[in-house]
Amino acid sequence: MTAVRAWLRGLSSVQVTFAGALLVLGFLVAAQIAAEGPRVRYSTEERAPLIDTALTLQTQQESLKAAILALRQRIGELEALDPDAAASLRRLYADLEAARLKAGLTAVSGPGVAFRFEDGANGSVDALVTARDVRILIEELWLAGAEAIAVNGERLVGSSAVIDIGGSLLVNSAYLAPPYEIKAVGPPDLYGRLQGSVAFAQFVHGRIEPAGLRLSVAELQQADLPAFAGTVGLRFGKPGQPQ
Amino acid sequence: MTSRGAAGEAGVTRRPTDASSLRSRLSVAAVATLLGILTIGQLRGQAGVPGLSALSATELTQLIANLTTGNDQLRTEIGELQRQEADISSTKQRGETTVDNLTADLERIRAWAGITAVTGQGIVISVQGPIGGDGVEDLLNELRNAGAEAIAVAGVRVVGGVVVAGTPGGLSVENQALGDAFEIRAIGSPQILTGTLTRTGGVIAQVGAAYPATRLTVAPIESMTLPATERTGPPTYARPSL
């Protein structure tokens, strides 16, 4: 013991720091190798270009959506009300703003909730959050009175589909990987209403708990949801009754 | 003297010379740099595109097809918006009012959002037999995924917030009981909608397997009108962000 103490006392602070740093370095190298392991195992010559293509398309999608939001903003500014406009024009402009709000084309804020929905830790297929799980939560939120919902920043509108792709999701054609953040704006007691739903309780006790999925929630005084950035138009339908 | 000498020698062995001190510091700096690079690499690796590396080649191909289609639609939307912007700009430059532009934009948004009725071609799904809300919602989700532009269930226009819920025999939409026989109508490409729904292992097969006593049939329709939603009021809590 005395010899060990003497040896420890003999170490300089530089040596101690160096040893500590090497220890952390060792852990990081091990973690890096462990993290790379599955990717190397799954990597094949055909998958690498596919991943690159998917990444390129995702990047393009983000910039296309940003361009759409910017154009809608510019159109809104161009259409902005002339102070000398006639009452009919003022009415038209107000109707347009109201329609955009109802359609989900306007970013909104209000009281709400934010859920974080994650895969279970046991690694089984059953412990993956599926599109149906997310859809059930969304449906329950709508039924509880939510007025606007977004999943990982993708605003849901009447045409939004939520579908599985591997262990991830496609929402509004955007690729979303877990964990999923589902934000909703609605009445201040939105979460209380949700808890009162028999179907939601069945979902929690019949699916989330047995599968080990992780669902956490925060009630927000102000939830901020983006505008829908997809296509708004009809190719096969026309407004109104047939002529 | 001797003891001082011994202390002095001990001091020499413990205190590094300038050269060895510099070496130690450089070593620590090198390790710290490597540590930083590895930490950043680790964090970036985790924050990158999680999930993509876990997808199979088939799933990646499916994802690429979806992204390509989605991006094409977004480009079409951008073209439409650019045309709209140019129209409004030229109208304003001529000193005219933008009534026509505003009216056209308003009609388009209202129809798309279900605020007004829509007429067009599409399909009708006839549901006969007991089915739960989950089955109907699966059908609606697949219709949206296949590009349906407007949907109505038993004459109720499906917009954001409308959910078909309930157990078999107790199904309802917007407080309207559905019973065991009703229709789902969707406007869109009849070929694409029918093909997507009825493909082998598709949603019709899945819902049919989940509800074997229920008969689902899909038929194209050349022209139909889907009504406007009855949800006419503005949102109460969601305010436009500034």
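Basis of the calculations
- Residues numbered from 1 in each chain as written.
- Chains lettered and ligands numbered in written order.
- Predicted model: local features only at pLDDT ≥ 70, side-chain atom pairs only at ≥ 80, totals over all residues.
- Helix = DSSP H or I, 4+ residues; strand = E, 2+ residues; numbered from the N terminus.
- Buried ≥ 20, exposed ≤ 12 C-beta atoms within 10 Å, placed from the backbone.
- Contact = placed C-beta atoms within 7 Å.
- Nonpolar A, V, L, I, M, F, W, Y, C, P; charged D, E, K, R; others polar.
- Pairing = 2+ DSSP bridges.
- Axes fitted to C-alpha atoms, helices over the stretch in contact; angles between N-to-C directions.
- Parallel < 35°, antiparallel > 145°, perpendicular 65-115°, else oblique.
- Left-handed = near helix turned anticlockwise from the far one by under 90°.
- Core = buried A, V, L, I, M, F, W, Y, C linked by C-beta atoms within 7 Å.
- pLDDT = per-residue confidence, 0-100.

## Observations concerning the overall build of chain B
Regarding its fold elements, chain B presents seven helices and nine strands. Split into buried and exposed, the 242 residues of chain B put 33% on the buried side. Within chain B, residue pairs in contact and separated by at least 24 positions form 74% of the contacts whose partners lie at least 6 positions apart.

## What to know about the interface of chain A and chain B
Opposite the 95 residues of chain A that make contact, chain B presents 95 residues. For the side of chain A that touches chain B, the secondary structure elements donating two or more residues are α2 (13-42), α3 (47-78), α4 (87-103), β1 (108-118), α5 (131-143), β4 (162-165), β5 (168-171) and β9 (237-239) of chain A. For the side of chain A that touches chain B, the leading source of residues is α3 of chain A, giving 19 residues. In terms of residue class, the side of chain A that touches chain B is made up of 55 nonpolar, 24 polar and 16 charged. As defined by bridge partners, β9 of chain A adjoins strand β1 (residues 118-128) of chain B across three bridges and the pair is classed as antiparallel. Looking across to β1 of chain B, one finds that P239 of chain A is bridged to V118 of chain B.

## Quick word on the packing of α4 of chain A against helix α4 (residues 99-113) of chain B
At their nearest, the axes of α4 of chain A and α4 of chain B sit 9 Å apart, and the two run at 30° to each other. Considering their axes alone, α4 of chain A and α4 of chain B lie roughly parallel with respect to each other. Viewed along their axes, α4 of chain A and α4 of chain B form a crossing whose handedness is left-handed. Mapping the contact onto sequence places L89, L92, Y93, D95, L96, A99, R100, K102 and A103 of chain A in α4 of chain A and V99, L102, T103, D105, L106, I109, R110, W112 and A113 of chain B in α4 of chain B. Residues of the contact of α4 of chain A with α4 of chain B, tallied by class, amount to twelve nonpolar, one polar and five charged.

## Some words on the sheet that holds strand β5 (residues 172-173) of chain B
Residue and element names in this part refer to chain B. In space, the three strands of this open sheet follow the order β4-β5-β6, with antiparallel pairing throughout. Of all strands in the sheet, those with a lone pairing partner are β4 (164-165) and β6 (176-177), marking the two edges. Pairing of β4 with β5 involves two bridges; the strand directions are antiparallel. In the sheet register, V164 faces β5, and the bridge partner there is V173.

## Here's the deal with the pairing of β4 of chain A
Two faces belong to every sheet, and in a regular strand the side chains alternate between them. All names here are of chain A. Note: β4 against β5, four bridges, orientation antiparallel. What sits directly across from I165, in β5, is S168. Where β4 folds back on β5, the antiparallel hairpin that results is connected by two residues, among which G166 adopts a positive phi of roughly 60°.

## Section: the sheet that holds strand β6 (residues 174-176) of chain A
All names here are of chain A. Taken in spatial order, the three strands make up an open sheet running β4-β5-β6, and their pairing is antiparallel. Single-partner strands in this sheet number two, and they are β4 and β6. This sheet shows a mean twist of 30° between the axes of neighbouring strands, independent of strand direction. One ladder, built from three bridges, connects β5 with β6; its direction is antiparallel. Its bridge partner lying in β6, L170 is registered against Y175.

## Some points on the nonpolar core
Most often, soluble globular proteins keep nonpolar side chains buried together rather than apart. Among the nonpolar cores identified, the biggest contains 103 residues, and V134, I149, I182 and A184 of chain A together with I151 and V153 of chain B are the most heavily contacted of them. Leaving out residues up to four positions away in the same chain, I149 of chain A has contacts with I138, L141, L156, I182, K183 and A184 of chain A.

## Some details on the environment of L25 of chain A
Within the fold, L25 of chain A resides in helix α2. Among residues more than four places away in sequence, those in contact with L25 of chain A are V31, L34 and L35 of chain B.

## Comments concerning the packing of α3 of chain A against helix α3 (residues 57-93) of chain B
Between α3 of chain A and α3 of chain B, whose axes approach to 8 Å, the crossing angle comes to 20°. The orientation of α3 of chain A with respect to α3 of chain B, classified from their angle, is roughly parallel. Pair α3 of chain A / α3 of chain B crosses with left-handed handedness. In terms of residue class, the contact of α3 of chain A with α3 of chain B is built from 19 nonpolar, eleven polar and eight charged.

## Side note on the confidence of the model for chain A
In the predicted model, chain A carries a mean pLDDT of 87, and 87% of its residues have values of at least 70. Confidence over residues 36-43 of chain A falls short of pLDDT 50; this stretch has three contacts with residues more than four positions distant or in other chains.

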